[in-house]
Amino acid sequence: MDALSERNPRVVSAVKLQRAAHRRKTGLFLAEGANAVTAALETGRVRELFYSLAAAKRDVALIAGADADGVRTTLVSDRAAEHLGETVTAPGLVAVCEQLDVPLGQILDGAPRMLAVPVEIAEPGNAGTLIRVADAVGADGVVLAGDAVDPHNGKCVRASAGSLFHVPIARSRSIDATLDALSSAGITLLATTAHGEVVLDDADDILTGPVAWLFGNEAHGLDPAVAARADHRIRIPIHGRAESLNLAAAAAICLYANARVQHAK
């Protein structure tokens, strides 16, 4: 089988998906590496799987399984694999996938008990890590509210380590409409702020019911007006000298505290 070069139209079209504008236009995105590709294949969202000769030797079962499931599998040259990959050392395994965000209403229809709602999250690595944490704790969805990063951004997909395909994700540009919809669904809104009136350690009673955690932007935190709309403002106790916590770290602490309460016997 001849390997496709970086000039092949299918490869060129796939490489364009590294750009947000092309993802918006096509409704497609790239998943890179064995973790993400395996998760993508499990959801049946893969349109085409590109692989290098090295990947053909390393990921034999994965590629064969995709082929058996009717996915178009395509050998590409090493140079084409480098173009398709966005990491310094390209894994040589890249899937073209259908985008996977769903309407907020679809998540709410499932009567969620724990949601992560990053508000105007800007850094794709943080977004991917937060999605990974939400998956790990068994959250029912992630809602990217306001002017947020594209969850199909390559760095976000890689940081999620496959979890992007496991957790329902919604994008909701209007913050007010998002909060209205969550409240109308009977979900308690929890804002994470440095000066919240409720300490996380004392929040167990609040965490027994359906909750949505509002996490602020990396640089500016939660807008005070958004925090004011929450039912409670929660603060993570800091016992050392650190001034604050990274967004993804704060989300992990809050969501795991929530999971502990909701899964308690």
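Residues numbered from 1 in each chain as written. Predicted model: local features only at pLDDT ≥ 70, side-chain atom pairs only at ≥ 80, totals over all residues. Heavy atoms only, no water.

The next point concerns unusual backbone geometry. A positive phi angle, near 55°, is found at Glu120, a position not held by glycine. Turning to its location among the elements, Glu120 is positioned in the loop between β5 (114-118) and α8 (124-137). Despite not being glycine, Ala161 has its phi angle at roughly 50°, a positive value. Following the sequence through the fold, Ala161 ends up in the loop between α9 (154-160) and β7 (169-172). (Helix = DSSP H or I, 4+ residues; strand = E, 2+ residues; numbered from the N terminus.)

It is worth spelling out the nonpolar core at this point. Most often, soluble globular proteins keep nonpolar side chains buried together rather than apart. Judged by nonpolar contacts, the single largest core of 59 residues is most densely connected at Leu49, Val142, Phe165, Trp213 and Phe215. Both domain 1 (9-98) and domain 2 (101-263) contribute no fewer than three residues apiece to this core. When near neighbours in sequence (up to four residues on either side) are disregarded, Trp213 contacts Leu115, Ala116, Val117, Leu190, Thr192, Leu200, Leu207, Ile234, Cys254, Leu255 and Asn258. If you look at the next biggest cluster of nonpolar residues, it comprises 22 residues, including Val119, Ile187, Ala212 and Val226. (Core = buried A, V, L, I, M, F, W, Y, C linked by side-chain atoms within 4.5 Å. Buried < 20%, exposed > 50% of the residue type's maximum accessible area, 1.4 Å probe, protein only. Domains from an automatic or database assignment. Contact = heavy atoms within 4.5 Å.)

Our focus in this paragraph is the sheet that holds strand β1 (residues 28-32). Sheet strands line up and pair through hydrogen bonds in the backbone, either parallel or antiparallel. The 4 strands lie next to each other as β1-β4-β2-β3, forming an open sheet whose pairing is mixed. Edge strands, defined here as strands with exactly one partner in the open sheet, are β1 and β3 (72-75). In this sheet, adjacent strand axes meet at a mean angle of 20° when their direction is disregarded. Pairing geometry for strand β2 (residues 46-51) and β3, over 4 bridges, is parallel. Across the sheet, residue Leu49 finds its bridge partner in β3, namely Thr73. Relative to the sheet, helix α3 (residues 34-43) contacts β1, β2 and β4 (93-98), its axis offset from that of β4 by approximately 35°. Against the sheet, helix α5 (residues 60-68) engages β2, β3 and β4, with an angle of about 145° to β2. (Pairing = 2+ DSSP bridges. Axes fitted to C-alpha atoms, helices over the stretch in contact; angles between N-to-C directions.)

Of the residues making up α5, those classed as buried are Leu62, Ile63 and Ala66. Each buried residue of α5 lies within a common arc of 95° when the element is viewed along its axis, so the set occupies one face. Pointing more than 90 degrees away from the buried face of α5 are the exposed residues Ala61 and Ala68. Phi for Gly70, located one or two positions after α5, is positive at around 90°. (Arc of directions from axis to C-beta.)

This part is about the domain arrangement of the chain. One can read the domain layout of the chain as domain 1 (9-98) and domain 2 (101-263). Its C-alpha centre places domain 1 at a distance of 30 Å from the equivalent point of domain 2. With 15 residues of domain 1 at the contact, the number on the domain 2 side is 11 residues. Buried surface at the junction of domain 1 and domain 2, summed over both partners, amounts to about 980 Å²; 65% is from carbon and sulfur atoms. Looking at the side of domain 1 facing domain 2, the largest losses of area belong to Arg23, Phe29 and Glu86, adding up to 42% of the total buried there. Scanning the region where domain 1 abuts domain 2 turns up 2 salt bridges. (Buried area = accessible area lost by both parts, 1.4 Å probe. Salt bridge = Lys/Arg side-chain N within 4 Å of Asp/Glu carboxyl O.)

Right, let's get into the pattern of salt bridges. Throughout the structure, instances matching the rule amount to 16 salt bridges. Arg229 is paired through a salt bridge with Asp176; the nearest N and O atoms lie 3.4 Å apart. On the criterion of sequence distance, the pair formed by Arg229 in helix α11 (residues 224-229) and Asp176 in helix α10 (residues 175-184) is long-range, its members being 53 residues apart. Looking at Arg229, the relative accessible area reads 33%, which means it is partly exposed. For Asp176, a relative accessible area of 47% gives the class partly exposed. A network of salt bridges, in which partner residues are shared, links Arg23, Asp101, Asp150 and Arg171.

Among all positions of α3, only Ala36, Val37, Ala39, Ala40 and Leu41 are buried. On its buried face, α3 is in contact with β1, β2, α5, β4 and α9. Immediately downstream of α3, the backbone of Gly44 shows phi near 70°, a positive value.

Attention now goes to the environment of Val143. Topologically, Val143 is positioned in strand β6 (residues 141-145). Considered as a pair, Val143 and Ile206 are 63 residues apart in the sequence and their alpha carbons are 20 Å apart. For Val143, the contacting residues outside a window of four places in its chain are Leu104, Ala116, Val117, Pro118, Ala170, Ser172 and Thr178.

Attention now goes to the packing of α8 against helix α12 (residues 247-262). It is the contact of α8 with α12, at a shortest axis distance of 9 Å, that shows an interaxial angle of 10°. In terms of axis orientation, α8 runs roughly parallel to α12. Like other packed secondary-structure pairs, α8 and α12 cross with a definite hand, here right-handed. Each of Asn126, Thr129, Leu130, Val133, Ala134, Ala136 and Val137 in α8 lies in contact with α12, whose residues at this interface are Leu247, Ala248, Ala251, Ala252, Leu255, Tyr256 and Ala259. By residue class, the composition of the contact of α8 with α12 is 12 nonpolar, 2 polar and no charged. (Parallel < 35°, antiparallel > 145°, perpendicular 65-115°, else oblique. Left-handed = near helix turned anticlockwise from the far one by under 90°. Nonpolar A, V, L, I, M, F, W, Y, C, P; charged D, E, K, R; others polar.)

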